[in-house]
Amino acid sequence: MSKESVFIGSIDQGTTSTRFIIYDTSARPVGSHQVEFTQFYPEAGWVEHDPMEILVSVRVCIAKAIDKATAEGYNVDSGLKAVGVTNQRETTLIWSKSTGLPLYNAIVWMDVRTSSICRRLEEDLPGGRTHFVETCGLPISTYFSATKLLWLIENVDAVQQAIKSGDALFGTVDSWLIWNLTGGVKNGLHVTDVTNASRTMLMNLKTLDWDEPTLTTLGIPAEILPKIVSNSEIIGNITTGWPIPGIPISGCLGDQHAAMVGQACRKGEAKSTYGTGAFILINTGAEVVQSQHGLLTTLAFKLGPGALPNYALEGSIAIAGAAVQWLRDSLGIIRSASEIEDLALQVDSTGGVYFVPAFNGLFAPWWRDDARGVCIGITRFTNKSHIARAVLESMCFQVKDVLDSMQKDVGMKGEGKSDKGEFLLRVDGGATVNNLLMQIQADLLGHAVVRPADIETTALGAAYAAGLAVGVWKEDEIFSSSEKAKNLTVFRPILDQELRKKKVDSWCKAVSRAFDLADLAP
């Protein structure tokens, strides 16, 4: 078949928007569509999505992307061979098997309503906050699906009743999408993949199956959980009623794991994705590395039912691009996210202003859910450009904190380096179009930052996994470094080393000021 006649689709269901991107066999996007959807904030620290609105957004994106590709002369209708799914992780849903309707809104990964459940578990369990780390790689935290699931079971009558009657299905967003895409109430497939399952706090990292002692300890019934599959295999076909009926779903990964595949991260190589949050992962190969410095142990990917898993260490940052949205939507300092670069370029420093975006606490490496956002160093001299620049710096400081922890855990010697022997951080995600942000990142790291031509590597990774399963690509093609070296933009540090150290010390002082603020009076 000619390259122009074969296509792979990718559903990229993120925290604030959904996309569908169609790729040709050169992994070049030939059509895409993106839709933002509603964020619900019912109380301080609570974040929810409407699962039905998410389904509508997926349907619209698929149809519009195909229309756009067709208008450009690509015969996607006959050439689409498979679809991959990638998604915001940890976000938790429970729905009715019989009606197909959600029993509550999706509780989003950054939601912190489960703080009291986490405290209770820490006090009751002999291992405290790290009780489950040995099996699942994760500390007890509001971040992960298990505590959100417990909240739903304890607080929503409809959930309790559905579990009792055998009508409840639990899943992260991937499970919800695949169940609906493959039939829903008419025998939809209730599955998840190893990467999404690794973020629930319920999967054993070594067996890659639900951990029965954990389920017993938490009182979670196994029958509501989906079947766990690999990241690259034919899961099932899309049902009638969707724009692409009969097409196999053959790839599924959580968004950060998909980005690792899209960036072709082999053992020892790290990537940072800048989206709503920021997520830094380093591939540790076949080794399960337990962090001693506040990072998470997780799956990187498992590219086939018989493939060996690759593991990773991850540092998760809750608020990155979301802070720019806050400047736009809540403060009105900018009208669009893209304006922040020009605004921040109007000054050559933050003027001593440091912004810590701990809106819902701090994730790695601090793990402080009692932290709240602070902006310090403000004087009469401070203007909105200084604050805009401080917001960009906050994203980069947080990434540096995580990379410093990674270096302590696994070291970076000899791995993830260029031919010249320098450490390279691969970057991707929407915010990386901001050249100033990338230069600040290189300056604060003291290392080169490498941006690919296609920054949407999350969608690309899901497409690769799907195409691998149906024979469109081979694994060595996906991980070919010569291909990946094309059209890269490299940002190298230019900041004086002494000034870098002073700025990092100031950042750490600002972070310490953010702690223990969750109980401030309204």
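Only a predicted model underlies this, so the values are computations on that prediction, with no experimental measurement involved.

Colleague: Can you walk me through the pattern of salt bridges in this structure?
Modeller: If charged atoms from side chains of opposite charge come close, those side chains can pair. The final tally for this structure, using the stated rule, is 22 salt bridges. Residues Glu 314 and Arg 89 are paired through a salt bridge, measuring 2.6 Å at the closest nitrogen-oxygen approach. Here Arg 89 lies in the loop between strand E5 (80-87) and strand E6 (92-96) and Glu 314 lies in strand E18 (residues 310-317), a separation of 225 residues in the sequence. The same class applies to Glu 314 and to Arg 89, which are both buried.

Colleague: Explain the side chain of Thr 200 here, please?
Modeller: Among the secondary structure elements, Thr 200 is positioned in the loop between helix H8 (194-197) and strand E10 (203-204). A residue is classified by how much of its surface remains accessible, and Thr 200, at 2% relative accessible area, is buried. Here the side chain of Thr 200 touches Ala 197 through a polar contact of 2.7 Å, landing on its backbone oxygen. A polar atom in the side chain of Thr 200 sits 3.0 Å from the backbone nitrogen of Leu 202.

Colleague: Hey, could you run me through the sheet that holds strand E3 (residues 29-36) in this one?
Modeller: On the basis of which strands lie adjacent, the open sheet formed by six strands has the order E3-E2-E1-E5-E14-E13 and mixed pairing. Here the strands that pair on one side only, and so sit at the sheet edges, are E3 and strand E13 (232-237). This sheet shows a mean twist of 25° between the axes of neighbouring strands, independent of strand direction. In this sheet, E3 lies alongside strand E2 (residues 17-24) in antiparallel orientation, the contact comprising seven bridges. Within E3, the residue paired with Thr 18 across the bridge is Val 35. In the packing of helix H10 (residues 255-262) onto the sheet, the strands contacted are E5 and strand E14 (248-254), and the crossing angle to E14 comes to about 105°.

Colleague: How should I be thinking about the pairing of E6 in this particular structure?
Modeller: Successive residues of a regular strand alternate their side chains across the two faces of the sheet. For E6, a buried count of five out of five residues is recorded, marking the element as mostly surrounded by other parts of the structure. Here E6 shows two buried faces, one formed by Thr 92, Ile 94 and Ser 96 and the other by Leu 93 and Trp 95. Bridge count for E6 against strand E8 (residues 168-172) is five bridges, and the pairing is antiparallel. Each bridged residue has a counterpart across the sheet, and for Trp 95 the counterpart in E8 is Leu 169.

Colleague: Please explain the packing of aromatic side chains as it appears in this structure.
Modeller: Two aromatic rings are characterised by how far apart their centres lie and by the angle between their planes. Overall, the coordinates contain 21 aromatic pairs when judged by the stated rule. Aromatic rings pair up to connect Trp 109, Tyr 143, Phe 144, Phe 279, Phe 363 and Trp 367 into one cluster. Across the ring face of Trp 242, the terminal group of Arg 59 is positioned such that the distance to the ring centre comes to 4.1 Å. Note that Arg 113 overlies the ring of Trp 151, its terminal NZ or CZ placed 4.6 Å from the centroid.

Each value, and the rule that gives it
Residues numbered from 1 in each chain as written. Predicted model: local features only at pLDDT ≥ 70, side-chain atom pairs only at ≥ 80, totals over all residues. Heavy atoms only, no water. Salt bridge = Lys/Arg side-chain N within 4 Å of Asp/Glu carboxyl O. Helix = DSSP H or I, 4+ residues; strand = E, 2+ residues; numbered from the N terminus. Buried < 20%, exposed > 50% of the residue type's maximum accessible area, 1.4 Å probe, protein only. Polar contact = N/O pair within 3.5 Å; in protein donor to acceptor, adjacent residues only side chain to side chain. Pairing = 2+ DSSP bridges. Axes fitted to C-alpha atoms, helices over the stretch in contact; angles between N-to-C directions. Contact = heavy atoms within 4.5 Å. Phe/Tyr/Trp six-rings, centres within 6.5 Å; stacked < 30°, edge-to-face > 60°. Lys NZ or Arg CZ within 6 Å of the ring centre and 35° of its normal.

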